[in-house]
Amino acid sequence: MLKEVHEHILTELQQSSRTDTIFVVSAVIFNLVVLGINWGVAEPDRNQLHPASDDIILSLLIAATVLINFFVVRALLTGRDTRKKLLNGLVSMYKDNDVEKYYDDSLLNAYGFRYKLFVAVLLVLAVIAIFVPLLMRITT
């Protein structure tokens with residue numbers, strides 16, 4: 001039974017990693033696409049005019065960027081907490097079977113730091129996707 005529990009925890013960890021990867025990659029791609037669209041919408045036409053439709057598109061994409069990044073960060077934090085619980089269970093199982101020396105506890109902190117970096121990258125991209133086009137719009 002112990003082997004099955006161990007395999008189940010490892011499967012859950014793998015699924016959690018895949019889900020986190022999908023969230024991060026999707027959010028990075030979304031932020032870059034929105035940056036490009038916002039840049040195009042923020043750029044004035046030849047007459048230096050900004051149509052009202054461009055303002056609406058820019059506003060909607062900014063709102064979507066804020067919401068999607070909020071949801072992705074929330075999902076990553078949930079994934080981090082799930083991973084921590086699963087790894088703590090794994091470490092407990094290793095301690096109960098006197099094999100904990102093969103699992104370095106510092107890995108738990110490394111995983112937590114990795115999630116902080118993921119969130120930081122997403123937030124930086126979101127800020128760039130929102131504020132760079134706005135600065136262009138304001139200055140033109």
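Owing to the predicted nature of the structure, the values given are computational and were not obtained by experimental measurement.

Rules of the game
Residues numbered from 1 in each chain as written. Predicted model: local features only at pLDDT ≥ 70, side-chain atom pairs only at ≥ 80, totals over all residues. Heavy atoms only, no water. Helix = DSSP H or I, 4+ residues; strand = E, 2+ residues; numbered from the N terminus. Rg over C-alpha atoms; globule rule 2.2 N^0.38 Å. Patch = residues over 30% accessible without salt bridge, like charges linked within 9 Å, V, L, I, M, F, W, Y side chains within 5 Å. Areas by Shrake-Rupley, 256 points an atom, 1.4 Å probe, with all protein chains shown as cover. Salt bridge = Lys/Arg side-chain N within 4 Å of Asp/Glu carboxyl O. Lys, Arg positive; Asp, Glu negative; His and termini not counted. Charge placed at Lys NZ, Arg CZ, Asp CG, Glu CD. Contact = heavy atoms within 4.5 Å. Axes fitted to C-alpha atoms, helices over the stretch in contact; angles between N-to-C directions. Parallel < 35°, antiparallel > 145°, perpendicular 65-115°, else oblique. Nonpolar A, V, L, I, M, F, W, Y, C, P; charged D, E, K, R; others polar. Phe/Tyr/Trp six-rings, centres within 6.5 Å; stacked < 30°, edge-to-face > 60°. Lys NZ or Arg CZ within 6 Å of the ring centre and 35° of its normal. pLDDT = per-residue confidence, 0-100. Buried < 20%, exposed > 50% of the residue type's maximum accessible area, 1.4 Å probe, protein only. Expected span 1.5 Å × (residues − 1).

**Looking at the overall build of the chain**
Working step 1: Each helix and strand counted, the chain has 3 helices and 0 strands in total.
Working step 2: In the chain, the succession of α and β elements from N to C terminus is α-α-α.
Working step 3: Since a compact globule built from 140 residues should have a radius of gyration of about 14 Å, the 21 Å found for the chain marks it as more spread out than a globular shape.
Working step 4: In terms of overall dimensions, the chain has C-alpha extents of about 75 × 25 × 15 Å along its principal axes.

**A word on a nonpolar patch on the surface**
Working step 1: On the surface, a nonpolar cluster with roughly 400 Å² of combined accessible area is contributed by Val-25, Ile-29, Val-33, Ile-37 and Ile-57.
Working step 2: The greatest single-element share of the nonpolar patch, amounting to 4 residues, is contributed by helix α1 (residues 2-42).
Working step 3: Secondary-structure assignment places Ile-37 in helix α1.

**Overview of a negative patch on the surface**
Working step 1: A contiguous patch of negative charge, built from Asp-96, Asp-98, Glu-100, Asp-104 and Asp-105, is present on the exposed surface.
Working step 2: Locating Glu-100 in the fold gives a position in the loop between α2 (52-96) and α3 (106-139).

**So, the side chain of Asn-38**
Working step 1: As for its placement among the helices and strands, Asn-38 is situated in helix α1.
Working step 2: When sequence neighbours within four positions are dropped, the list of residues in contact with Asn-38 reads Leu-58, Leu-61, Ile-62, Ala-129 and Pro-133.

**As for the packing of α2 against α3**
Working step 1: Where α2 contacts α3, the two axes come as close as 10 Å, and the packing angle between them is 175 degrees. In this view, α2 runs roughly antiparallel relative to α3, as classed from their interaxial angle.
Working step 2: Considered class by class, the residues forming the contact of α2 with α3 number 18 nonpolar, 4 polar and 6 charged.

**Focus: the packing of aromatic side chains**
Working step 1: Counted by the stated rule, this structure contains 3 aromatic pairs.
Working step 2: When the centroid spacing of 6.1 Å and the interplanar angle of 80 degrees are considered together, the rings of Tyr-115 and Phe-118 count as edge-to-face. Here the residue Tyr-115 and the residue Phe-118 both occupy positions in helix α3, the gap between them amounting to 3 residues, near one helical turn.
Working step 3: The cationic tip of Arg-83 hangs over the ring face of Tyr-111; the distance from NZ or CZ to the ring centre is 4.7 Å.

**Re the confidence of the model for the chain**
Working step 1: When the pLDDT values of the chain are averaged, the result is 91; 99% of them are 70 or greater.
Working step 2: Taking the mean pLDDT of every element in the chain, the minimum, 91, falls on α3 and the maximum, 94, on α1.

**Points about the environment of Ala-75**
Working step 1: For Ala-75, the location among the structural elements is in helix α2.
Working step 2: Ala-75 sits in the buried class, given a relative accessible area of 19%.
Working step 3: In the structure, Ala-75 is positioned 56 residues away from Thr-19 in sequence and 9.1 Å away in space, judged by C-alpha atoms.

**Here's the deal with α3**
Working step 1: Over its 34 residues, α3 runs 48 Å from end to end, which matches the ideal 50 Å to within 8%, given 1.5 Å per residue.
Working step 2: The elements touched by buried residues of α3 are α1 and α2.

**What to know about α1**
Working step 1: Compared with an ideal rise of 1.5 Å per residue, which puts 41 residues at 60 Å, α1 spans 59 Å between its outermost C-alpha atoms and is within 8% of the ideal.
Working step 2: Within α1 the residues assigned to the buried category are Ile-9, Leu-13, Ser-16, Asp-20, Val-24, Ala-27, Asn-31, Val-34, Asn-38, Val-41 and Ala-42.
Working step 3: Buried residues along α1 sit against α2 and α3.

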